[in-house]
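Chain by chain, the residues run as shown.
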Amino acid sequence: VQLQASGGGLVQAGGSLRLSCVASGRTFTNYKVGWFRQAPGKEREFVGVVRWTGGMTIYADALKGRFTISREISKNTVYLQMNSLKPEDTAVYYCALTSRAIHSMLGVPSSYDYWGQGTLVTVSS
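Residues numbered from 1 in each chain as written. Predicted model: local features only at pLDDT ≥ 70, side-chain atom pairs only at ≥ 80, totals over all residues. Heavy atoms only, no water.

Observations regarding the pattern of salt bridges
This is how it is decided: Just to be clear on terms, a salt bridge is a Lys or Arg side-chain nitrogen sitting within 4 Å of an Asp or Glu carboxyl oxygen. A helix here means a DSSP run of H or I that spans at least four residues, while a strand means a run of E at least two residues long, and both kinds are numbered starting from the N terminus. Accessible area is worked out with a 1.4 Å probe on protein chains only. A residue is then buried under 20% of its type maximum, exposed over 50%, and partly exposed in between.
Scanning all chains against the criterion turns up 5 salt bridges. With a shortest N-O distance of 2.8 Å, Asp-89 and Arg-37 are connected by a salt bridge. With Asp-89 in the loop between β8 (77-82) and β9 (91-98) and Arg-37 in strand β4 (residues 32-38), this pair connects stretches of sequence that are 52 residues apart. For the salt bridge of Asp-89 with Arg-66, the shortest nitrogen-to-oxygen distance reads 2.8 Å. Highlighted residues: Asp-89 in the loop between β8 and β9 and Arg-66 in the loop between β6 (57-59) and β7 (67-72), separated in sequence by 23 residues. We note that Asp-89, like Arg-66, is buried. A single network of salt bridges, built from pairs that share partners, joins Arg-37, Glu-45, Arg-66 and Asp-89.

Describing the state of the cysteines
Should the sulfur atoms of two cysteines be covalently bonded, the bond is a disulfide. Keep this limit in mind: Disulfides are defined as cysteine sulfur pairs within 2.5 Å.
For the structure on display, the rule yields 1 disulfide. Between the sulfur of Cys-21 and that of Cys-95 lies a disulfide, 2.2 Å long from S to S. Handedness here is read from the sign of the S-S torsion; for Cys-21 and Cys-95, about 75 degrees, the answer is right-handed. Pair noted here: Cys-21 is in strand β3 (residues 17-24) and Cys-95 is in strand β9, with a separation of 74 residues, a long-range link. One exposure class covers both Cys-21 and Cys-95, and it is buried.

What follows is the structure in structure tokens.
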């Protein structure tokens, strides 16, 4: 299984970015794709998760309304649309894959079996 995250870059505060995560290597029907981020000196933080087949999306409370996760199954791709970006959103963003079914565990990095390499998002003030 491979996950390839891309789309990061430098953006001014208030701007938008869309990250992509392309998955390959197996059938993902029973999986969920999560987004996490990690700022320098901080722990990895849950951003959101989507079921590969649709019907469920969960966001970190603090990011609801600004971040949106979507899927394009024909391209094996999950997107993270980030709007109204703030300097505190600066981090390396990772996508990850899990087969866990318990919702309360989906915000925990150790619940995820596969990880992409991360893409850096820098928001300038």
